[in-house]
Amino acid sequence: MKRINLLRKPHLRLWMSLIGLATDLELCDMVNHERINSVEFIRGIKKRIILKNPRVQYLALVFLETVVKNCDKAFSEVADERVLDDLVNIIEDPQTLVNNRNKALMLIESWGGDLRMSCATRL
């Protein structure tokens, strides 16, 4: 009986999101241990961010957030691959969905805050 209750929609969504997060973190671990080329990894995410499919774009933005927070090399690769420029383009594009625009803006704002904190700690 309990097993059936776990498969109801709210529980199933939570379970699926936890599986997705586990996979995302496993990929980050592979990048951190250099089993995956970080440059190619970020380029792959970037290709999905610039797609016009709003669902794919949003999922790529969420994944990018996870990657930057959990992969040591990711932040410098994001800067090298000019991903921030793509995020600005998403924000400025009038055809971009509001959710995607807000997610891109949130990423830029949080990374800016992280950089300020990093610079302040070095001084």
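Use the structure listed above.
Attention in this report is confined to the structure presented alongside it. Quick caveat: nothing in here was measured; it's all calculated off a predicted structure.

Thresholds applied
- Residues numbered from 1 in each chain as written.
- Predicted model: local features only at pLDDT ≥ 70, side-chain atom pairs only at ≥ 80, totals over all residues.
- Heavy atoms only, no water.
- Buried < 20%, exposed > 50% of the residue type's maximum accessible area, 1.4 Å probe, protein only.
- Helix = DSSP H or I, 4+ residues; strand = E, 2+ residues; numbered from the N terminus.
- Arc of directions from axis to C-beta.
- Contact = heavy atoms within 4.5 Å.
- Salt bridge = Lys/Arg side-chain N within 4 Å of Asp/Glu carboxyl O.

**Observations regarding helix 6 (residues 83-92)**
Right, so step 1: Turning to helix 6, its buried residues number three or more, namely V83, D86, L87 and I90. Here the buried residues of helix 6 occupy an arc of 100 degrees about the axis, which is enough to place them on one side.

**Some remarks on the side chain of K103**
Right, so step 1: Within the secondary structure layout, K103 lies in helix 7 (residues 98-122).
Right, so step 2: Once residues lying within four places of it in the same chain are set aside, the contact partners of K103 are Y58, L61, V62 and E65.

**Here we look at the pattern of salt bridges**
Right, so step 1: A full pass over the atoms with the stated rule returns seven salt bridges.
Right, so step 2: One salt bridge connects E65 with K69, and the closest N-O pair in it is separated by 3.3 Å. Of this pair, E65 and K69 both sit in helix 4 (residues 54-70), separated by four residues, roughly a single helical turn.
Right, so step 3: Judged by its relative accessible area of 13%, E65 falls in the buried class.
Right, so step 4: The exposure class assigned to K69 is exposed, which follows from its relative accessible area of 61%.
Right, so step 5: Between K103 and E65 there is a salt bridge, with the nearest N and O atoms lying 2.6 Å from each other. Of this pair, K103 sits in helix 7 while E65 sits in helix 4, and the two are 38 residues apart along the sequence.

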